[in-house]
Amino acid sequence: MIVMKFGGTSVESQEAIVRVTEIVRSYQRKHPIVVVSAMGKTTNKLLEAAVEAGAGRREQALVIVDQLRAHHLVHGLPLAGAASAELDRFIRTHFEWLDDLVKGLAVVGELSPRSMDAIASVGERLSSLVVTFALRAAGIPAQHVDSRRVILTDDRFTQAQPLLEETYLLLKENVRCLAETSVVVMGGFMGATKDGHTTTLGRGGSDYSASIVGAGIDAEEIQIWTDVDGMLTADPRIIPDGHRVKSISFAEAAEMAYFGAKVLHPATVLPAVEKNIPVLILNSRRPEVGGTRITPDAVDCRNAVKSISCKRGITILNIRSTRMLMAHGFLRRIFELFDRYATSVDMLSTSEVSVSLTVDNQENLPLICEELRHFADVSVEHEQAIVCLIGENIRHTPGIAGRAFQVLHTTNIRMISQGASRLNLGFVIADADLEPAVFALHEEFFSELDPAVFD
Ligand code: ADP
Ligand code: ASP
Ligand code: MG
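Predicted model, so just to flag it, every value in this text is computed and none were measured.

Trainee: Before we move on, could you go through the site of ligand 2 and cite the residues and values that matter?
Mentor: Contacts to ligand 2 come from Ser-37, Thr-43, Glu-124, Phe-189, Arg-203, Gly-204, Gly-205 and Ser-206. Within the contact set of ligand 2, a nitrogen atom lies 2.7 Å away from a side-chain nitrogen or oxygen of Thr-43. Burial of ligand 2 by the protein amounts to 85% of the accessible area it has alone, namely 260 Å².

Trainee: Please provide a residue-by-residue account of the sheet that holds strand S7 (residues 221–226), values included.
Mentor: Pairing within the open sheet is mixed, and its 8 strands lie in the order S3-S4-S2-S1-S7-S9-S10-S8. The open sheet has two edge strands with one neighbour each: strand S3 (142–144) and strand S8 (247–249). On average, each strand axis in the sheet is tilted by 20° relative to the strand beside it, whichever way the strands run. Inspection of the sheet shows S8 paired to strand S10 (residues 292–295) by 3 bridges, in the parallel sense. Note on S10: the bridge partner recorded for Ser-247 is Arg-293.

Trainee: Go over the pairing of strand S15 (residues 415–418), please, and point to the residues and values.
Mentor: With burial as the criterion, only one face of S15 is covered, namely that bearing Met-415 and Ser-417; the residues Ile-416 and Gln-418 on the opposite face remain uncovered. The pairing of S15 with strand S16 (residues 424–430) spans 4 bridges and is antiparallel. Within S16, the position partnered with Ile-416 by the bridge is Phe-427.

Trainee: Give a description of the side chain of His-265 that names residues and reports values.
Mentor: Assignment of secondary structure puts His-265 in the loop between helix H10 (250–258) and helix H11 (269–275). Classification of His-265 as buried rests on a relative accessible area of 15%. Setting aside anything within four residues of it in sequence, one finds His-265 in contact with Leu-201, Arg-203, Gly-204, Gly-205, Asp-207, Tyr-208 and Ala-257.

Trainee: Pulling in residues and values, what's your account of the site of ligand 1?
Mentor: The immediate surroundings of ligand 1 are formed by 17 residues, with Lys-5, Thr-226, Asp-227, Leu-232 and Lys-262 found nearest. A distance of 2.8 Å separates an oxygen atom of ligand 1 from a polar atom in the side chain of Asp-227. Out of a free accessible area of 570 Å², ligand 1 has 88% covered by protein chains. Among the residues making up the shell around ligand 1, the classes are represented as 8 nonpolar, 4 polar and 5 charged.

Trainee: Can you tell me about the pattern of salt bridges, naming the residues and giving the values?
Mentor: Under the definition given, this model contains 27 salt bridges. Arg-148 serves as the salt-bridge partner of Asp-146, at 2.8 Å between the closest nitrogen and oxygen. When its relative accessible area of 23% is taken as the criterion, Asp-146 is described as partly exposed. Here the salt bridges do not stand alone but share partners, grouping Asp-66, Arg-69 and Asp-99 into one network.

Trainee: Lay out the side chain of His-72 in plain terms, naming residues and giving numbers.
Mentor: Relative to the assigned elements, His-72 resides in helix H3 (residues 58–75). What makes His-72 buried here is its relative accessible area of 0%. Those residues in contact with His-72 that sit more than four places away from it in its chain are Met-39, Thr-42, Leu-77, Ile-91, Phe-95 and Leu-126.

Trainee: Account for the sheet that holds strand S11 (residues 307–320), naming residues and giving values.
Mentor: Whenever strands of a sheet pair, they do so through backbone hydrogen bonds, lying parallel or antiparallel. With antiparallel pairing, 6 strands are arranged side by side in an open sheet as S12-S13-S11-S14-S16-S15. Each edge of the sheet is formed by a strand with only one pairing partner; in this case those strands are strand S12 (345–350) and S15. Sheet twist, expressed as the average angle between the axes of neighbouring strands with direction ignored, equals 30°. Bridge analysis of S11 against strand S14 (residues 377–390) gives 11 bridges, and the strand direction is antiparallel. Along S14, the bridge assignment pairs Arg-320 with Asp-377.

Trainee: Let's hear about the environment of Val-279: which residues, and what values?
Mentor: Position of Val-279 relative to the elements: it lies in strand S9 (residues 279–283). In the structure, Val-279 is positioned 26 residues away from Ala-253 in sequence and 10.0 Å away in space, judged by C-alpha atoms. Those residues in contact with Val-279, other than ones at most four positions away along the chain, are Ile-222, Ile-224, Phe-250, Ala-272, Thr-292, Arg-293 and Ile-294.

Trainee: How would you sum up the packing of aromatic side chains? Please name residues and give values.
Mentor: The description of two aromatic rings rests on the distance between their centres and on the angle between their planes. A full pass over the atoms with the stated rule returns 7 aromatic pairs. Ring geometry for Phe-6 and Trp-225: centres 5.9 Å apart, planes at 15°, overall stacked. With Phe-6 in strand S1 (residues 2–6) and Trp-225 in strand S7, the pair connects residues that are 219 residues apart, well separated along the chain. Residue Trp-225 is classed as buried on the basis of its relative accessible area of 1%. Here the aromatic cluster, defined as three or more aromatic residues joined through ring pairs, consists of Phe-6, Tyr-27 and Trp-225. Positioned above the aromatic ring of Trp-97 is the side chain of Arg-125, whose terminal nitrogen or guanidinium carbon lies 4.6 Å from the ring centre. Over the ring of Phe-375 we find Arg-333, and its NZ or CZ is 4.1 Å from the ring centre.

Trainee: Tell me about a nonpolar patch on the surface, residues and numbers included.
Mentor: Together, Leu-331, Phe-335 and Leu-348 make up an exposed nonpolar region whose accessible area comes to about 220 Å². Take Leu-348: it is sitting in strand S12.

Trainee: Describe the environment of Gly-76, with residues and values.
Mentor: Take Gly-76: it is sitting in the loop between H3 and helix H4 (82–108). As for Gly-76 and Leu-126, which are separated by 50 residues in sequence, their C-alpha atoms are 8.7 Å apart. If we ignore the near neighbours within four places in the chain, the residues touching Gly-76 are Met-39, His-71, Leu-87 and Val-130.

What counts, and at which threshold
Residues numbered from 1 in each chain as written. Chains lettered and ligands numbered in written order. Predicted model: local features only at pLDDT ≥ 70, side-chain atom pairs only at ≥ 80, totals over all residues. Heavy atoms only, no water. Near = heavy atom within 4 Å. Polar contact = N/O pair within 3.5 Å; in protein donor to acceptor, adjacent residues only side chain to side chain. Areas by Shrake-Rupley, 256 points an atom, 1.4 Å probe, with all protein chains shown as cover. Pairing = 2+ DSSP bridges. Helix = DSSP H or I, 4+ residues; strand = E, 2+ residues; numbered from the N terminus. Axes fitted to C-alpha atoms, helices over the stretch in contact; angles between N-to-C directions. Buried < 20%, exposed > 50% of the residue type's maximum accessible area, 1.4 Å probe, protein only. Contact = heavy atoms within 4.5 Å. Nonpolar A, V, L, I, M, F, W, Y, C, P; charged D, E, K, R; others polar. Salt bridge = Lys/Arg side-chain N within 4 Å of Asp/Glu carboxyl O. Phe/Tyr/Trp six-rings, centres within 6.5 Å; stacked < 30°, edge-to-face > 60°. Lys NZ or Arg CZ within 6 Å of the ring centre and 35° of its normal. Patch = residues over 30% accessible without salt bridge, like charges linked within 9 Å, V, L, I, M, F, W, Y side chains within 5 Å.

Structure follows, in C-alpha cells:
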C-alpha cells in the first residue's frame, strides 16, 4: 500500500485532475490512498473571505465565496451525466453552508481560530470529493473518507497536533481495509478534535496529513506529488536553474523544510521516520522524472552541501543585560518568556551578557519585548533572512565555512550558527542581500556535482 499526496497546483484545474487520475492509475496495483490539497489557491481565498467576514465586510466576503463556487463548478466537474449532477449538488451544498457561516460571522464581526478552521477546511473537503468523482469517471473504483473521522487532533485550532495513537488506530480500522479494494481519497490539512470540531494542521499541512496516513496504515512509500521535479539545490524562485537532489536523508530534508524549503511541510518527516517509510517528492506535470527519495540514511556524496535553504521575513532580537554578568538564570528567564508566548526561536548566539536570537512569528513580539525590557536592553532588527547550507557531510568536511564566508566577503553577516545537528551551517543577513548571497553560494557549492546524487 502507498500514499499519494497531490498538492494544490496538481489539482487546480480539470486538466491537472486528469493528469492525477492517470498517475493514480499507473500505481493502482499498489493500492494507493490519495491525499489531496485544496484546488489551487483555494485556502488563501477561503482565509481572505473569513477575514473579511470577521471584520464585518459581508459583501466582500460573499464575493470571494462566489468566485470559489464558480471555480469549483467549472473545474471540479469534468464529467457528464448522473454522477456529475451528484457532485454538482455536493459542491453547491458546501457553498450554501459557507454562505451561511460567512453571513453569521459578518453579523457578529468576530473570527475565532475555530471558525477559521471550519472555513479553511472547505477547500480540502471539496477537492477530495472532486478527485473521488474524477477517479470514478475514469473507471477507477474510488471511495471517499472524511479525514475528520480518522485524523484526531488536539484543539489548537489553526495549528492542531495529531493525537497519533488514536489516529493510527482509526486509520487501520477505517482506511486500510477499504484500500484493499478501492482507491481511498482523503482531504489533507484537516482533522477534528475528539468532540468533533474541525481543525487544521497549519499551512502546507497536507504533506503532514499524507505522512500521518502513511504511518497509520504502514505504507511502503509516501509520495508527495507537486509542481517541481523534487527537492532542489535551492529555492527555484531564487535559483530557477537549480539541480534536482535525487536522494537525501530524513535529517537533511527536515532541516531544509524547517529553514524554508516550502516543498515539504517540516513535520512531514516525523511519522515517516518513526515507521521508517521512504518519502518521495515527484512532479505531477513530469511523472517520468525520478524525483527526490528521502530515506533514513544519506547515500555517499562527494558534495558536502546538498542544498541551500532560506527563510525570509526574519526578525533579530538583541538582548543585553550587564546586570546578568556572572549571574545564572539569564537564558532561563528569556526562554520562559518565549515559551509563555508560544513563539519559537530559530537561531541563537550568546555571549556572557548578551543573546541574539531570531523569530519568524511576529505576533507576540511587542509583548515579549516589553517583558524583556524589565531585565534587559532590547533592540529589534526586522527584514532579515536566514540562509542555511545543509548536508550530512558538512560536519566531516573542513573548509566549508571558509568557502562560504569568502564568497560572502562583502555581505554583512549578522549571526552565525552551526547547529547541534551539525548538518547545517546557518547565518543571518539582511533580506535585501539574500538573492545575491544565495546566487553566489549556489555557484560556489554546485559548480561540480556528484552524479550519484544530483541531476
Ligand atoms: P504543493 O501545493 O504541491 O504542496 P508547495 O507550493 O507547497 O506545493 O511547494 C512546492 C514549491 O516549493 C515549489 O514550487 C517551490 O517554489 C518551493 N520550494 C522552495 N524551496 C524549494 C526547494 N529547495 N526545492 C524545491 N522546491 C522548493
Ligand atoms: N491547502 C492547505 C494550504 O494551502 C494545505 C496544503 O496545501 O498543504 O495551506
Ligand atoms: Mg505544500
